[in-house]
Amino acid sequence: NISYLPTAIRTKAKQTLTLIGHNKQPLDAQLAAQAHGIKVFFADFDDDAPNHVHSTLAGYYDSADNVIVINRAIDGREQNHAIAVELGKALLHPEWSHSPDYRISTRNSTPETQPEKDAFAFAGALLAPQEDLRHFHPKLSFERLLEIFPLPAAALEKEIQLLLDIFRIDKDGPPQPA
């Protein structure tokens with residue numbers, strides 16, 4: 001498996017944003033998937049399965065049919081993030097979904113494999129582009145940022161931390177020289 005550098009992942013996200021003509025938040029990840037020729041379906045996962053495994057699923061990418069299937073029962077913000085993660089898997093590691101190492105995304109899961117980590121990084125870069133985030137942070141409260149950027153709170157926190165690390169921004173001030 002190829003491991004992408006963070007800049008390559010961000011470049012792929014920027015290419016997707018350009019492809020869909022995106023210039024403002026919030027981003028609809030379903031439109032991004034469709035622009036890449038990937039269909040998105042929403043499904044009711046059977047909650048009567050052993051250990052309620054299906055209720056924990058966020059979604060998955062089926063490369064054979066080139067579709068992303070998302071759990072209809074999760075909220076819209078979580079669905080949007082799940083679509084972006086699965087789109088990252090499709091664009092960065094399409095061969096992985098055929099391998100025995102492939103993992104279906106579960107709700108509140110922590111990515112463990114490199115393809116998962118890459119896909120989650122892609123989702124963050126797509127849904128909260130650093131340029132956009134840099135424009136709003138730290139001027140706006142976290143709650144207001146959640147209204148602007150369509151991803152779960154934990155994922156937005158991670159993107160803000162990345163922004164702080166990359167641009168060495170003080171929590172309360174402008175960028176500091178690197």
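The rules behind these values
Residues numbered from 1 in each chain as written. Predicted model: local features only at pLDDT ≥ 70, side-chain atom pairs only at ≥ 80, totals over all residues. Heavy atoms only, no water. Helix = DSSP H or I, 4+ residues; strand = E, 2+ residues; numbered from the N terminus. Buried < 20%, exposed > 50% of the residue type's maximum accessible area, 1.4 Å probe, protein only. Contact = heavy atoms within 4.5 Å. Areas by Shrake-Rupley, 256 points an atom, 1.4 Å probe, with all protein chains shown as cover. pLDDT = per-residue confidence, 0-100. Phe/Tyr/Trp six-rings, centres within 6.5 Å; stacked < 30°, edge-to-face > 60°.

Caption draft 1: Quick look at the overall build of the protein chain. Along its length, the protein chain carries seven helices and four strands. Each helix and strand of the protein chain, ordered N terminal to C terminal, gives the series α-α-β-β-β-α-β-α-α-α-α. Within the span of the protein chain, comprising 178 residues, buried residues form 44% of the whole. In the protein chain, the share of contacts with a sequence separation of at least 24, taken over all contacts with a separation of at least 6, comes to 64%. Accessible surface, the protein chain: about 9,600 Å² in total, of which carbon and sulfur atoms supply 53%.

Caption draft 2: Quick peek at the environment of Leu87. Secondary-structure assignment places Leu87 in helix H3 (residues 76-92). A relative accessible area of 0% means that Leu87 is categorised as buried. Separated by 26 residues in sequence, Leu87 and Tyr61 have C-alpha atoms that sit 7.6 Å apart. If sequence neighbours within four positions are ignored, Leu87 has contacts with Thr16, Ala32, Ala33, His36, Ile38, Ile68, Phe122 and Leu126.

Caption draft 3: How the structure looks around the confidence of the model for the protein chain. Averaged over all residues, the pLDDT of the protein chain equals 83, while 85% of them reach at least 70. In the model of the protein chain, strand S4 (residues 105-106) stands out as the element of lowest mean pLDDT, 72, in contrast to helix H2 (residues 29-35), which has the highest, 96. Within the model, pLDDT remains below 50 along residues 49-53, and this stretch shows two contacts once partners closer than five positions in the same chain are excluded. Note that pLDDT drops below 50 for residues 174-178; the model gives that stretch 10 contacts with residues more than four away or on any other chain.

Caption draft 4: Region of interest: the packing of aromatic side chains. Applying the stated criterion to the full structure yields two aromatic pairs. Look at Trp96 and Tyr102: their rings are 4.9 Å apart centre to centre, the planes differ by 65 degrees, and that puts the pair in the edge-to-face class. Both residues of the pair, Trp96 and Tyr102, count as buried.

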